[in-house]
Amino acid sequence: MGTLRGLHLEVATLAAGPPRFRAHGSRDAWSVLARDVVANGGRLVSLWASDRRPLGEGYAVNAAYALAEGLLWVSLPLAADQQGYPDLAALFPAASRLQRMMRDLHGLEALGAEDTRPRLQHGHWPADLHPLRHDARADAGVADPGGEAYAFVPVRGEGVHEIAVGPVHAGIIEPGHFRFSVVGEKVLRLEERLGYKHKGIAARFETLAPLDAHRLAGRVSGDSTVAYSYAYCMALESAWRQSAPPRAEWLRALALERERVANHLGDLGALGNDAALGFGLAQFSRLKEDWLRVNAALTGHRLLMDYVVPGGVAREPDASLLAALPGQHAALRDALVPLADIYSSHAGLQDRFVTTGRVTPALAGALGLTGLAARASGHAVDLRAWHPTPPYTALGVRVATERNGDVAARVAVRFAELTESLRLLDGLVAGLPDGPSHLPLAPRAGCAEGIGWIEGWRGEVLVALELDDAGALRRCHCHDPSWHNWPLLEHAVMGNIVPDFPLINKSFNLSYAGVDL
Amino acid sequence: MLRILRQILRTGVVSEAPPTEGLALEDDSERIQRAILAHLGRALAIREVDAGSCNGCELEIHALNNPYYNLEGLGIRFVASPRHADLLLVTGPVARNMEVALRRTYEATPDPKLVVAVGDCACDGGIFGESYACRGRVANVLPVDVTIPGCPPPPIEILKGILTAVRRVPARTAR
Ligand code: SF4
């Protein structure tokens, strides 16, 4: 037991991985702690609830905070008949949507919260069904009441009209609803309504064996499958006080960087295309295809799904392929030079990118922006450098940042991160330790909990899990960085013209699946 | 401009031969093109609908649009509205919250209204299955012509599935 600077709370340190601390607080401590976190420059990472009634307790509301010392996971126990907890949205704007999710899934209320509209609950299961209560009936047989209307915030004024888009969009894009209030072409306000893809992932976790559930974690947001399965495995390994062998950690990082490169290549192509440079899409999508084919040869899967498994990685890469990787890195590096040059000097692109969709560093800080988008708005947050674990401790990550917070900045950060990932990948191949790449975990009986925290390509991914006495999954919460960045997109669009929305949206490239769960 | 041209020249033509396995008749792009014309009388227009995927299937559908697969060259294009589509490419298990939107998209699609279910989730519910939130496979909601298993299926499998669906449409008699 110990304390953290500036916080009035006893904490326990969790085993292995990045520094993580565990604490339990009272109702009063919940709000005091939140204020202390703000005062100390900390951030809210995630909020979730769990039903502990089967353990003879009540419910628990959980928060994860990012602090200078590491990650703090704090729980507020609630008596079974006390279904309210103090609102955090006034301190952390991103908390609002997370609290609305907690109400839908567990029926717990954030007392004093301004926005209490349902989020995942669109009226297609009974209003009184809270599927994560352990005694809830959450199977396919529950009635579908046929949907309910949603109260969008009205915007009034002379000449203001609304444009409603979605949930199905014109393109190969995930579904969600956007409500624009506009004057002429100018956007006064954007309101997002998401939750269309909710498919009951958290409830599904409770039916899976802990040694299989990394596959589900890897499908919370398919574009971040490595980050999620890695975070899940880190959580399970810490719960069972075991760890993957060193070679496995290096191969996991190799997969994580390959995932980052693949997504950045895809986004840079799409951003060029949205700004009318079809050439950019053709070039980048070709480079990405080459990259994915090597993924398939290396791991058996183009998108690296199911590669990170509890205890290590699913297969040992072929030695001759490993030896050929630096050549592939060099080829991509060479191909990027002229493309970076074209993107930064092409007048048409610059005209569309610069000053478009701006998030100032101050706004980014106030709203808790995270990941790549935060780095494009002057916040150098990157777990790989901030709280590195092996192999990042050995390699050292140079964090890419920009200050302008516009589309151009998010493009520039992607280019810089591509170069840095290629450097890291060279280091990962060169320094890959010998030894096994997988050691089976020994399941442990007894209640246990663990948490994993990984810097994915989009930002920080968190997985928290609780195991019951019999060693089964009692709760698994997966958190996507998009929770924090979706509200920012609403701000980034204000004052821009409607036709620039697709470009701004793409420059964030947030996950719908990751927040719909 | 000059730099762009130079890059284009350096890259050359990367399009690969289209798939032949399982497509006894079509062994080159010209034949695939001819088959599409024979069955539809025009280029094939596809509308993609994500009914609740993890977004992995979308990544591979995007990949299908890269120069290696030369989709436009085969006479296949993605369109923005179901009203202009011959074929719906549906991914994901059908989330209950998406069921109405999926049905509406289907209703807005003119004949031949082909439906291709892409990925394990769309084929049989996949890892998500059926629950209070999820209707499972696409066939639980819409008539499905062709299923393409895989999690996600690689682009080449998606292309084969699309061509299989097109061949389901009775060939048009010569005009
Ligand atoms: S089939 Fe696999 S990749 Fe496709 S939506 Fe389902 S889980 Fe994702």
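As the structure is a computational prediction, the values presented were derived from the model and not from experiment.

**Some words on the overall build of chain B**
Step number 1: Helix and strand counts for chain B stand at 7 helices and 7 strands.
Step number 2: Start at the N end of chain B and walk to the C end: the helices and strands fall as α-α-β-α-α-β-β-α-β-α-β-β-β-α.
Step number 3: Put simply, chain B has 175 residues, and 57% of those count as buried.
Step number 4: Counting only contacts in chain B whose residues sit at least 6 apart along the sequence, the fraction spanning at least 24 positions is 79%.

**Remarks on the packing of aromatic side chains**
The geometry of an aromatic ring pair comes down to the distance between the two centres and the angle between the two planes.
All names here are of chain A.
Step number 1: According to the stated counting rule, one finds 13 aromatic pairs over all chains in the structure shown.
Step number 2: Plain terms: the ring middles of F178 and W486 are 6.2 Å apart, the flat faces sit at 35° to each other, and that makes the pair tilted. Remark: W486 occurs in helix α15 (residues 482–493) and F178 occurs in strand β9 (residues 177–183); sequence separation between them is 308 residues. Here F178 and W486 have matching classes, each one buried.
Step number 3: Summarising the aromatic geometry, the rings of Y343 and F415 are spaced 5.6 Å apart at their centres and angled 75° between planes, so their arrangement reads as edge-to-face. Taken together, the positions of Y343 in helix α8 (residues 319–345) and F415 in helix α14 (residues 407–431) put the pair 72 residues apart, joining distant regions of the chain.

**Side note on the side chain of H387 of chain A**
All names here are of chain A.
Step number 1: Within the secondary structure, H387 sits in the loop between α12 (383–386) and α13 (392–395).
Step number 2: Looking at H387, the relative accessible area reads 10%, which means it is buried.
Step number 3: Within the structure, H387 has its side chain in polar contact with the backbone oxygen of A68 (distance 3.5 Å).
Step number 4: Apart from the residues lying within four places of it in its own chain, the contact partners of H387 are P18, P19, L67, A68, E69, G70 and W453.

**Re the site of the ligand**
Step number 1: Taken together, the residues surrounding the ligand are R219 of chain A together with S53, C54, G56, C57, G119, D120, C121, F128, G150, C151 and P152 of chain B.
Step number 2: The environment around the ligand is built from residues contributed by chains A and B.
Step number 3: Of all the secondary structure elements, the ones that give two or more residues to the shell around the ligand are α3 (56–64) and α6 (120–124) of chain B.
Step number 4: Its residues assigned to classes, the shell around the ligand comprises 6 nonpolar, 4 polar and 2 charged.

**Overview of the environment of R286 of chain A**
Step number 1: Looking at the element boundaries, R286 of chain A is found in helix α7 (residues 278–299).
Step number 2: Considered as a pair, R286 of chain A and G269 of chain A are 17 residues apart in the sequence and their alpha carbons are 9.4 Å apart.
Step number 3: If near-sequence neighbours (up to four positions away) are discounted, R286 of chain A is found in contact with Q7, T11, V14, P67 and Y68 of chain B.

**Here's the deal with the interface of chain A and chain B**
Step number 1: If you look at the interface, chain A gives 62 residues, while chain B gives 51 residues.
Step number 2: Taken together, the two surfaces of chain A and chain B that pack against each other cover about 4400 Å², and 60% of this comes from carbon and sulfur.
Step number 3: Area buried by chain A at its contact with chain B is led by I172, K199 and R286 of chain A, which between them contribute 17% of it.
Step number 4: Linking chain A with chain B are 2 salt bridges.
Step number 5: Measuring nitrogen to oxygen at the nearest pair gives 2.5 Å for the salt bridge that ties D50 of chain B to K197 of chain A.
Step number 6: Those elements giving two or more residues to the side of chain A that touches chain B turn out to be α3 (201–205), α4 (214–217), α7 and α8 of chain A.
Step number 7: Top element by residues in the side of chain A that touches chain B is α7 of chain A. It accounts for 10 residues.
Step number 8: Classifying every residue of the side of chain A that touches chain B gives 31 nonpolar, 15 polar and 16 charged.

**Things to note about the pairing of strand β15 (residues 473–479) of chain A**
Step number 1: In terms of burial, β15 of chain A is a largely internal element, 7 of the 7 residues being buried.
Step number 2: Here strand β14 (residues 460–467) of chain A hands over to β15 of chain A after 5 residues, with G471 of chain A in that stretch at a positive phi of 85°.

**Describing the sheet that holds strand β2 (residues 20–24) of chain A**
Residue and element names in this part refer to chain A.
Step number 1: Reading across the sheet, the 5 strands line up as β1-β2-β5-β4-β3 and stay open at both edges, with mixed pairing between neighbours. Unpaired on one side and paired on the other, β1 (12–13) and β3 (43–51) mark the two borders of the sheet.
Step number 2: Relative to strand β5 (residues 70–78), strand β4 (residues 59–67) runs antiparallel, the two being bridged by 9 bridges. Note that in β5 the partner of A63 across the bridge is V74.
Step number 3: Against the sheet, helix α1 (residues 27–39) makes contact with β3, β4 and β5, and its axis sits at roughly 15° relative to β4, the strand it touches most.

About the thresholds
Residues numbered from 1 in each chain as written. Chains lettered and ligands numbered in written order. Predicted model: local features only at pLDDT ≥ 70, side-chain atom pairs only at ≥ 80, totals over all residues. Heavy atoms only, no water. Helix = DSSP H or I, 4+ residues; strand = E, 2+ residues; numbered from the N terminus. Buried < 20%, exposed > 50% of the residue type's maximum accessible area, 1.4 Å probe, protein only. Contact = heavy atoms within 4.5 Å. Phe/Tyr/Trp six-rings, centres within 6.5 Å; stacked < 30°, edge-to-face > 60°. Polar contact = N/O pair within 3.5 Å; in protein donor to acceptor, adjacent residues only side chain to side chain. Near = heavy atom within 4 Å. Nonpolar A, V, L, I, M, F, W, Y, C, P; charged D, E, K, R; others polar. Buried area = accessible area lost by both parts, 1.4 Å probe. Salt bridge = Lys/Arg side-chain N within 4 Å of Asp/Glu carboxyl O. Pairing = 2+ DSSP bridges. Axes fitted to C-alpha atoms, helices over the stretch in contact; angles between N-to-C directions.

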